[in-house]
Amino acid sequence: MPRQPTDTPAPSQAPPPPAHQMWGGRFTLGPNEALDALNRSLPVDHRLWPQDVAASKAWVHALGRVGVLTPNEEHQLLEGLDRVGERLADGAAVGAPDEDVHTLVERLLFAEVGAVAGKLHTGRSRNDQVATDLRLWTLGAIDQLDRDLAALGRALVARAEEGVDVLLPGYTHGQRAQPVRWAYVLLAHAWPLVRDRQRLADARRRVAELPLGSGALAGSGFAVDRVLLKEALGFRSVSANALDATGDRDFVAEVLFALTLVGTHLSRLAAELVLYTSAEFGFVRLSDDFSTGSSLLPHKRNPDIFELARAKSGRLLGDLVALLTTLKGLPAGYSKDLQEDKALLFDGFDTLALVLPAATGAITALSVDAERMRAALDASLRATDLADLLVEAGVPFRESHGLVGRLVREAERSGVPLDRVPGPVAAGIHPALAAALSQLGTWEDSVESRRGLATLGGRAARGAAPCIRSGWRDLTQGLAAR
Ligand code: ARG
């Protein structure tokens, strides 16, 4: 049965609590300065104000529907919260003395509407409030990150499309292994971003679970319609257990893991590009506007962009480890330890918001030295092709591997490239080897002959099978704007 609401008594009858305090009635002394300095989270959580205002407005509606607020009070609070939002947008949080963002919003609401502000917190706790605000904030942050990831992925694909005909050595263990296309290398860094976007989308579903209505731990004392709250705030589902919902930060851990893996992917891309910008490789050159100089060495063109991208992955991992370490000893429900989650989560998103646009810009603008890349192809990279040709001549692969190994040894001993070992010498190792040497064909033939190209998509493989084109489709769809 809805309660019979009564309008708020005049302030003289019920003075509002001290300006920026939500608790304290049971103490004779206010908090010690040292405690206050430790306890205050406003310097970190002030950025949740848009979510706090939105969730408070939804809560006002919900309280109105169960008769805790009169229509007039509901109207006053909604208007007041809008004005609070305007004041916060104008910078009212800067230098504010409050304990946290929730206290700040409530204080400003008192200033706007007077004593009726004291009804807003009915049936609600900062425990369900902060979990709601942070989830709401995370949903928006994931969407922005997703856009930045897609932009980097598309930049890699765009560069790959120009790099289909550029060949270079592919490396394993840092050693030249087989010839590949530059496009192929770039796409090997684009695919992880597709998976990152999938992982974030999956985590996002679990972030979008509404804790509001959980109270401090045992549910709200008022029968608010949580499904309506969910709809109003754009959540997908409502949490089932209030004790769990107020203490659950799995979503922070899960999202921080997804961010850490993004950071790891960027770090690997960066490590490869730092190597390729060195004079020893000289495969790529950063544009002037994405290069940095040295204060001492006038000639330097430093790849700080990629060194920092590489380093930031350590910081992201630190955020994840700090969060998990904070969570692991906690009983169910809210403990103040959980206040530490926000600095870590914000840092993760802020870090990637810095790195991703810079990496995208640098990749879009870097120039490629196709001749240097091609010049790094040496004949030893044909060894596997020779072994495969022997297999076609009926030699078991294990044997052909050993035979080509002997040919490599012979080439090294006599100081000639692998494909220039004289026919009779090759035939002396195995009769089919001389024929295999003469069938080697071009670097392009070598690259075309291997199925690994499938992942390059329709562009690379002329007359490619549909399954190859579907790889390309998956990649471009995986990087499309949402
Ligand atoms: N500032 C707090 C946080 O970020 C809000 C919740 C405080 N709850 C409490 N029971 N003291 O976690």
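Residues numbered from 1 in each chain as written. Predicted model: local features only at pLDDT ≥ 70, side-chain atom pairs only at ≥ 80, totals over all residues.

Let us now look at the domain arrangement of the protein. Here the protein is partitioned into domain 1 (34-122), domain 2 (127-375) and domain 3 (379-460). Taking only C-alpha atoms into account, the centre of domain 2 sits 42 Å from that of domain 3. (Domains from an automatic or database assignment.)

Another point: the site of the ligand. In the vicinity of the ligand, the contacting residues are S41, D45, D100, R126, N127, V130, Y334, L338 and Q339. Looking at the shell around the ligand, the element that brings in the most residues is helix 6 (residues 126-162), giving three residues. Here the shell around the ligand is built from residues that sort into three nonpolar, three polar and three charged. Counting contributing residues, the shell around the ligand receives three or more from each of domain 1 (34-122) and domain 2 (127-375). (Near = placed C-beta within 6 Å. Helix = DSSP H or I, 4+ residues; strand = E, 2+ residues; numbered from the N terminus. Nonpolar A, V, L, I, M, F, W, Y, C, P; charged D, E, K, R; others polar.)

Turning our attention to the nonpolar core. L109, L156, V255 and A359 are the most contacted members of the largest nonpolar core, which totals 101 residues. Ranked by residue count, the leading element in this core is helix 6, at 15 residues. Of the residues that make up this core, three or more belong to each of domain 1 (34-122) and domain 2 (127-375). In this view, A359 contacts L152, L266, I305 and A309; residues no more than four positions away in its chain are not counted. Grouped together as the second largest cluster of nonpolar side chains are 15 residues, A411, V421, A432 and L433 included. (Core = buried A, V, L, I, M, F, W, Y, C linked by C-beta atoms within 7 Å. Buried ≥ 20, exposed ≤ 12 C-beta atoms within 10 Å, placed from the backbone. Contact = placed C-beta atoms within 7 Å.)

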